[in-house]
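# Breakdown of the fold
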Amino acid sequence: MEKGFSPVGLRVLVVDDDPTWLKILEKMLKKCSYEVTTCGLAREALRLLRERKDGFDIVISDVNMPDMDGFKLLEHVGLELDLPVIMMSVDGETSRVMKGVQHGACDYLLKPIRMKELKIIWQHVLRKKLQEVRDIEGCCYDVGADWFTQAQFLGGGEDVSFGKKRKDFDFEKKLFQDESDQSSSSKKARVIWSYELHQKFVNAVNQIGCDHKAGPKKILDLMNIPWLTRENVASHLQVKLYPSL
DNA sequence: CAGAAAATAT
DNA sequence: GATATTTTCT
């Protein structure tokens, strides 16, 4: 077991596409005397992690990022590096939290995040290390298929009435699909058109001017946002230009 | 590739 | 249930 484990200097990698949160988290984490590294792109994070194997102790990542689903990142990290990963998002939607945990997140934080919560994240690092020791010492786990029963229980948790077997079944079906199908290739993350982003959009449209045709392609180029797709712009354009339809 | 419309997700 | 965003189809 680690003799002198200390939360001080814990190497934390923070991943969030929102630069504001990145700054805030960095500041908070540093106050906790952690060593902080931040990055705004999931891919970048993955690159850093691969580049400096054993260079971080824990990862804190936002769930929905435009360039890559946070779950995918979580999966890769857990698989390739076996580091504890904490997921975070603004909403506490049950299905997503569940998904995060199922995919190996050691914790799920809700924004806004408080110091209190960050101060104790080192426990996950320690816990993981202790767990590894146990595993090595040969402790057998009964990997019973109880999760299925539990999922059923959780699924019906919000609606505890009988006679809804059909619905429950569908729910389980979805869970299964999550586990198998897209386990490696997650769905496209939704783009959140923040004021800032919309601003860039408008800017681009203006730059193109009234004389030229402001097609999604050109707008996209002018916005110069790496992870944004033409479709994203197209749909946004559709709504902003023909609000009534 | 652009635009409309249908499908989903939040 | 309304709204926001994605996917599908022409």
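Going by the structure above, here's the rest.
Below is a short write-up of the structure. Keep in mind the model is a prediction, meaning the values are calculated, not measured.

The next subject is the layout of surface pockets. By volume, the second largest pocket is sized at about 570 Å³. Forming the boundary of the second largest pocket are 22 residues, of which Asp17, Asp18, Pro19, Ile192 and Ser194 lie nearest the centre. Considered class by class, the residues forming the lining of the second largest pocket number 11 nonpolar, 4 polar and 7 charged.

Looking now at the protein's contact with DNA strand C. Around DNA strand C, the structure places Lys188, Ala189, Arg190, Val191, Ile192, Trp193, Glu231, Asn232, Ser235 and Val239. The contact atoms of DNA strand C, taken as those within 4 Å of the protein, divide so that sugar and phosphate hold 73%. A distance of 3.1 Å separates a phosphate oxygen of DNA strand C from a polar backbone atom of tryptophan 193. One nitrogen or oxygen atom from the side chain of asparagine 232 is found 3.0 Å from a phosphate oxygen belonging to DNA strand C. Here the surface near DNA strand C is composed, by residue class, of 5 nonpolar, 2 polar and 3 charged.

With the rule as written, the count across this model stands at 2 aromatic pairs. Ring geometry for phenylalanine 5 versus tryptophan 122: centroids 6.0 Å apart, planes at 40°, classification tilted. Here phenylalanine 5 is found in the segment before strand S1 (11-15), whereas its partner tryptophan 122 is found in helix H6 (residues 122-136), with 117 residues between them in sequence. Ring geometry for tryptophan 193 versus phenylalanine 201: centroids 5.8 Å apart, planes at 80°, classification edge-to-face.

One finds Leu13, Val15, Leu49, Val59, Leu73, Val77 and Met87 to be the most contacted residues of the largest nonpolar core, which totals 23 residues. Mapped by element, the contributors of at least two residues to this core are S1, helix H2 (42-51), helix H3 (70-80) and strand S4 (85-89). Once residues lying within four places of it in the same chain are set aside, the contact partners of leucine 73 are Val15, Ala42, Ala45, Leu46, Ser61, Met65 and Met68. Core analysis: the second largest hydrophobic core is formed by 20 residues, Leu22, Tyr34, Ile58 and Leu118 among them.

Conventions used here
- Residues numbered from 1 in each chain as written.
- Chains lettered and ligands numbered in written order.
- Predicted model: local features only at pLDDT ≥ 70, side-chain atom pairs only at ≥ 80, totals over all residues.
- Heavy atoms only, no water.
- 1 Å grid on protein atoms, 1.4 Å probe; cavity = no way out; pocket = protein on both sides within 12 Å on 5 of 7 lines; lining within 4 Å.
- Points joined across faces, edges and corners; volume = space filled by probe spheres on them.
- Nonpolar A, V, L, I, M, F, W, Y, C, P; charged D, E, K, R; others polar.
- Near = heavy atom within 4 Å.
- Polar contact = N/O pair within 3.5 Å; in protein donor to acceptor, adjacent residues only side chain to side chain.
- Phe/Tyr/Trp six-rings, centres within 6.5 Å; stacked < 30°, edge-to-face > 60°.
- Helix = DSSP H or I, 4+ residues; strand = E, 2+ residues; numbered from the N terminus.
- Core = buried A, V, L, I, M, F, W, Y, C linked by side-chain atoms within 4.5 Å.
- Buried < 20%, exposed > 50% of the residue type's maximum accessible area, 1.4 Å probe, protein only.
- Contact = heavy atoms within 4.5 Å.

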